[in-house]
Each structure stands twice: as C-alpha cells, then as structure tokens.
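# Fold and contact review
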Amino acid sequence: SYHVTERATICLCTKGEAMFKVNNLNFSIRRNDLMIVRPDSTIATLSISDDFDLSLIVQTRHFTRKNFFSKSISLADLMRFISQNPVLKLSEPETSFFQNTRKLMLQTILSGKNKFRDEILYSLSSSLMMWISGQICYQMQTEPVVLTHNDEIVLKFLDLLKEHYKTEHRLDFYADHLCMTAKYLSVVCRNVTTHPAGKMIVYAIIGEAKRLLLESHLTVSQIAADLGFPNQSSFGKYFKKEIGITPSKFRQSV
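Description of the structure in this document. Just so we're clear, the structure is a prediction, and the values are computed from it rather than from any experiment.

Along its length, the protein chain carries eleven helices and eight strands. Per-residue burial over the protein chain gives 45% buried out of 254 residues. Carbon and sulfur atoms form 54% of the exposed surface of the protein chain, whose accessible area is close to 14,000 Å².

Structure (structure tokens):
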C-alpha cells in the first residue's frame, strides 16, 4: 500500500481487472472503468490479474484546486461521490475520448519547442476535468449516494466554508455554527475526507490565494485584503508557513 499526498490520480483500466482498497473501502475495476483517487488517500492492491493494465493521469494539488468542477458540480457533492463511488463505468466511445485526450496531453508535454505548451496542456487538462465532471453528474443521478450523519456534517461545514472562508479563518466559527466543538468537527472531517477541518480551511484560503496570484493582476496587498487578512505581512507569514515561500516569490516562480 502507499499514501498519495499531493496528487490526484485518474486511472483507466484498459484490460484485465484488479481490486484496490482506497481509504479502507474495497473497489474493483475492469476494462473501461475509470477510478478517481483524491489527494491524501491511502491505496492498497488486494488482487490483480496477469493481464491488468492502466492508463494514468496524475495531477498535482495545484491543478485539482482550480475548481474544474465548479460549473457543474459543487465541491461538497464531488467529495461525497468520489469518497463512496470512485469508479466510473465508461462506454467504448467515452473510453476513446479519455484515451485520445490523454494522448494529446502527452504529445503536448513532449513538445518542448512549442511556446504555448503550458497553456495548451492546461486547457486540455481543464477540458478533461470538465468532461469527467459531466460523467460524475450523470452517475450521481443513476446511483444516488446514501449520506451518513457524518457526511451531512461535512457537507454543512463545506457550505459554510465556501461562504465564509475569506472572512472567517477560525475553526471555532464553523464549529459554533454547527453546534459542536471544534475538536469533534475536526475528527468528523478527518474520518470522512482524510483532512481535519482546520486543514480544510487552510486549503480553501491557500487555494484561492494561489489562484489570485497566478490568474489576477491584484497586488499581494490587495489579495491579502480580499482574503480577510489585516495586512500584507500577516498574509505573507500565513502563506509562507504553508507553501514555504512568500506570495511574491510564488508568483515569480511560476
């Protein structure tokens, strides 16, 4: 078994079959099955056929935080579905679409002389993620997910987080609104998503900070104000603690 920390993995079974344990739940995949593994997941191989083969796309957390799914599915619904149903069953044309897009991405990665290589790769990746989003939306309609009490708590927390993360950085704020202790909320979030609640707040803030640094012309001071920090200095310390470099150096390094 191994632990996936900073990467999201999309696996298409091209032949054979295998059974995996993902975060203590068992899932089998066969030809034309697409398995999605979230960052910070633990994966173990339980069984595998001799002819088993996969096509893989692995993305860093930076890509997965770009809200590819925002136009068609909420983050809460996405996390809930993938946690319980990480395997999508594709038709032959759908499998061909995935494979053809993956082939284009690989060709783009290898085309080092193309001035716009990164932009092309990002567009292809975004398109593929939106396509997968559509597959998830369809399968959610045909395979409703049964929510546990803890699932419902996490969904309510994510809704609050989406609304308030720019102004409320304290875990106590969210716990109070959900009528529970911060410790209990954190334990529930860890059990459902593998992330403690405090880290999920950090991910929301840092993810938006990265997006603004990379995609906007706002100054670091303006971004700090937008994200609810009292000044640029406090934002810089917060960002450096999580990422290891200052916001300005992060913007320059990409």
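More follows now that the structure is in view.
Its 16 residues place the ends of helix α5 (residues 149–164) 23 Å apart at the C-alpha level, agreeing with the 22 Å of an ideal helix rising 1.5 Å per residue. When α5 is considered as a whole, its buried residues turn out to be Asp-151, Ile-153, Val-154, Leu-155, Phe-157, Leu-158, Leu-160, Leu-161 and His-164.

Attention now moves to the packing of α5 against helix α7 (residues 182–193). Interaxial distance between α5 and α7 falls to 9 Å at its minimum, and their mutual angle equals 105°. With respect to each other, α5 and α7 are oriented roughly perpendicular. On α7, the residues that touch Asn-150, Asp-151, Ile-153, Val-154 and Phe-157 of α5 are Tyr-184, Leu-185, Val-188, Cys-189, Val-192 and Thr-193. Of the residues belonging to the contact of α5 with α7, the class tally is eight nonpolar, two polar and one charged.

As defined by bridge partners, strand β3 (residues 17–22) adjoins strand β4 (residues 25–30) across six bridges and the pair is classed as antiparallel. Looking at the pairing, Phe-20 lines up with Phe-27 of β4.

The next subject is the packing of aromatic side chains. This model, assessed by the stated rule, comprises eight aromatic pairs. Ring geometry for Phe-235 and Phe-239: centres 6.0 Å apart, planes at 55°, overall tilted. Here the residue Phe-235 and the residue Phe-239 both occupy positions in helix α10 (residues 232–243), the gap between them amounting to four residues, near one helical turn. Comparing Phe-235 with Phe-239 shows no difference in burial state: the two are buried. An aromatic cluster is present here, built from Phe-229, Phe-235, Tyr-238, Phe-239 and Phe-250 joined pairwise through their rings.

Below, the discussion takes up the pattern of salt bridges. Applying the stated criterion across every chain yields a total of ten salt bridges. Of the charged contacts in the structure, one is a salt bridge between Asp-33 and Lys-89, with a shortest N-O distance of 3.7 Å. Remark: Lys-89 occurs in strand β8 (residues 87–89) and Asp-33 occurs in strand β5 (residues 33–37); sequence separation between them is 56 residues. For Lys-89, a relative accessible area of 54% corresponds to the exposed category. Of the charged contacts in the structure, one is a salt bridge between Arg-211 and Glu-215, with a shortest N-O distance of 3.8 Å.

Moving on, we get to the environment of Gln-232. When you line up the elements, Gln-232 lands in helix α10. The partly exposed category is assigned to Gln-232, whose relative accessible area is 40%. Between the C-alpha atoms of Gln-232 and Val-220, which are twelve residues apart in sequence, the distance is 6.7 Å. Apart from the residues lying within four places of it in its own chain, the contact partners of Gln-232 are Val-220, Ser-221 and Ala-224.

A few words now on the environment of Leu-12. For Leu-12, the position within the fold is in strand β2 (residues 7–15). Under the relative-accessibility criterion, Leu-12 is labelled buried at 0%. Put simply, Leu-12 and Val-87 are 75 residues apart on the chain and 9.4 Å apart in space, counted from C-alpha to C-alpha. Setting aside chain neighbours within four positions, we find Leu-12 in contact with Asn-32, Asp-33, Leu-34, Asp-53, Leu-54, Ser-55, Leu-90, Thr-95, Phe-98 and Gln-99.

Parameters at a glance
Residues numbered from 1 in each chain as written. Predicted model: local features only at pLDDT ≥ 70, side-chain atom pairs only at ≥ 80, totals over all residues. Heavy atoms only, no water. Helix = DSSP H or I, 4+ residues; strand = E, 2+ residues; numbered from the N terminus. Buried < 20%, exposed > 50% of the residue type's maximum accessible area, 1.4 Å probe, protein only. Areas by Shrake-Rupley, 256 points an atom, 1.4 Å probe, with all protein chains shown as cover. Expected span 1.5 Å × (residues − 1). Axes fitted to C-alpha atoms, helices over the stretch in contact; angles between N-to-C directions. Parallel < 35°, antiparallel > 145°, perpendicular 65-115°, else oblique. Contact = heavy atoms within 4.5 Å. Nonpolar A, V, L, I, M, F, W, Y, C, P; charged D, E, K, R; others polar. Pairing = 2+ DSSP bridges. Phe/Tyr/Trp six-rings, centres within 6.5 Å; stacked < 30°, edge-to-face > 60°. Salt bridge = Lys/Arg side-chain N within 4 Å of Asp/Glu carboxyl O.

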